[in-house]
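# Observations on the three-dimensional arrangement
The primary structure of each chain is shown beneath.
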Amino acid sequence: MAVIGWGEDLHPRLGKDMSLAQLGWHSGMSAGMLSKIENGQIVPTLPTLMRIAMVFGVGLDHFFAQSQDPVVALVRAADRLRLPNPPDGTPAYWFESLDYPVTQRRLEAYYARFEHGAPAAEPHRHDGAELVYVIAGELELTIHGRTQRLEPGDSLYFEADFPHRYAGGQGGCEALVVVSVDP
């Protein structure tokens, strides 16, 4: 594992609005040496990092990481996994994860296809919120004992911890379903 750069997200000095001179005074090191560490000109020893960490009240692990790159995941249409719901019997709909390679997602997005003549889905519930956007066809979504009919371009947002179910319209339906994931 290597010491990574001191980007704003990892640099405690920037978050505390502290100058190099102030950090030097608190850590007992020169501002020049601290500047060279920040700019990657020298690699600090563990005792040096420990002194800096103590000033900010963080552990040594604060300065070590695998990557701080933003998460970017491309899923090609041909590479999506197509799964039936329910997995056994006649599916009420098919869904494809649009973000499956991402771990620790903040949301989950699916392309859903409701085939003509498929049975209605069984009521289900889960944590978080859900947004359904109809791309083509018609979709009936039942929640709180009321059925909403959605047409192309319509969307419906709801708290998904209440039982809800889907049913495709006469000619089938295509929809985008986005579900929030609690951290």
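Rules and cut-offs
- Residues numbered from 1 in each chain as written.
- Predicted model: local features only at pLDDT ≥ 70, side-chain atom pairs only at ≥ 80, totals over all residues.
- Heavy atoms only, no water.
- Helix = DSSP H or I, 4+ residues; strand = E, 2+ residues; numbered from the N terminus.
- Buried < 20%, exposed > 50% of the residue type's maximum accessible area, 1.4 Å probe, protein only.
- Contact = heavy atoms within 4.5 Å.
- Areas by Shrake-Rupley, 256 points an atom, 1.4 Å probe, with all protein chains shown as cover.
- Core = buried A, V, L, I, M, F, W, Y, C linked by side-chain atoms within 4.5 Å.
- Patch = residues over 30% accessible without salt bridge, like charges linked within 9 Å, V, L, I, M, F, W, Y side chains within 5 Å.
- Salt bridge = Lys/Arg side-chain N within 4 Å of Asp/Glu carboxyl O.
- Polar contact = N/O pair within 3.5 Å; in protein donor to acceptor, adjacent residues only side chain to side chain.
- Axes fitted to C-alpha atoms, helices over the stretch in contact; angles between N-to-C directions.
- Parallel < 35°, antiparallel > 145°, perpendicular 65-115°, else oblique.
- Lys, Arg positive; Asp, Glu negative; His and termini not counted.
- Charge placed at Lys NZ, Arg CZ, Asp CG, Glu CD.
- Left-handed = near helix turned anticlockwise from the far one by under 90°.
- Nonpolar A, V, L, I, M, F, W, Y, C, P; charged D, E, K, R; others polar.
- Phe/Tyr/Trp six-rings, centres within 6.5 Å; stacked < 30°, edge-to-face > 60°.

Let us look at the overall build of the protein. The helix and strand inventory of the protein stands at four helices and seven strands. Order of helices (α) and strands (β) in the protein, N terminus to C terminus: α-α-α-α-β-β-β-β-β-β-β. Counting across all 183 residues of the protein, residues that qualify as buried make up 31%. For the protein, the proportion of contacts with a sequence separation of at least 24, taken over those separated by at least 6, is 57%. Summed over its atoms, the accessible surface of the protein is roughly 11500 Å², and 53% of this surface lies on carbon and sulfur atoms.

Turning next to the nonpolar core. Counting 20 residues, the largest nonpolar core has Phe114, Val132, Leu141, Phe158 and Tyr166 as the members making the most contacts within it. Going through the elements one at a time, strand 3 (107–114), strand 4 (129–143), strand 6 (155–159) and strand 7 (164–180) are the ones with two or more residues in this core.

It is worth spelling out a nonpolar patch on the surface at this point. A grouping of Leu81, Leu83 and Tyr100 is seen on the molecular surface, where their side chains present a nonpolar patch of about 280 Å² in accessible area. Tracing the sequence through the fold places tyrosine 100 in the loop between strand 2 (93–97) and strand 3. For tyrosine 100, a relative accessible area of 36% gives the class partly exposed.

What follows is about the side chain of aspartate 99. Relative to the helices and strands, aspartate 99 resides in the loop between strand 2 and strand 3. Among the residues examined, aspartate 99 registers a relative accessible area of 11% and is labelled buried. A polar side-chain atom of aspartate 99 sits 3.0 Å from the main-chain amide nitrogen of alanine 109. Leaving out residues up to four positions away in the same chain, aspartate 99 has contacts with Val75, Arg105, Leu107, Glu108 and Ala109.

What follows is about unusual backbone geometry. The amide bond that connects asparagine 85 to the next residue, proline 86, takes the cis arrangement and shows omega of 0 degrees. The residue proline 86 is located in the loop between strand 1 (82–85) and strand 2 in this model. In this structure, histidine 144 takes a positive phi of about 55 degrees despite not being glycine. Mapping histidine 144 onto the fold places it in the loop between strand 4 and strand 5 (146–150).

Moving on to the packing of helix 2 (residues 20–27) against helix 4 (residues 46–56). Remark: helix 2 packs on helix 4, axes separated minimally by 9 Å, with the N-to-C direction vectors making an angle of 105 degrees. Taken together, the axis directions place helix 2 and helix 4 in an arrangement best described as roughly perpendicular. For the pair helix 2 and helix 4, the contacting residues are Leu23, His26 and Ser27 in the first and Arg51, Val55 and Phe56 in the second.

This part takes up a negative patch on the surface. On the surface, Asp127, Glu159, Asp161 and Asp182 cluster together to form a negatively charged patch. Tracing the backbone through its elements, the reader meets aspartate 127 in the loop between strand 3 and strand 4. Overall, aspartate 127 belongs to the exposed group, its relative accessible area being 59%.

Turning our attention to the packing of helix 2 against helix 3 (residues 31–38). It is the contact of helix 2 with helix 3, at a shortest axis distance of 8 Å, that shows an interaxial angle of 110 degrees. Of the possible angle classes, the one that applies to helix 2 and helix 3 is roughly perpendicular. Helix 3 is crossed by helix 2, and the crossing has right-handed handedness. Two secondary-structure elements touch here, helix 2 through Leu20, Ala21, Leu23, Gly24 and Ser27 and helix 3 through Ala31, Leu34, Ser35 and Glu38. The residue makeup of the contact of helix 2 with helix 3, split by class, is five nonpolar, three polar and one charged.

You can see serine 27 is positioned in helix 2. Judged by relative accessible area, serine 27 falls into the buried class, the value being 8%.

The subject of this paragraph is the packing of aromatic side chains. All told, the structure shown has five aromatic pairs when counted by the stated rule. Plain terms: the ring middles of tyrosine 93 and tyrosine 166 are 5.5 Å apart, the flat faces sit at 85 degrees to each other, and that makes the pair edge-to-face. Here the residue tyrosine 93 occupies a position in strand 2, and tyrosine 166 occupies one in strand 7, the gap between them amounting to 73 residues. Relative accessible area serves as the criterion here: at 3%, tyrosine 166 is assigned to the buried category.

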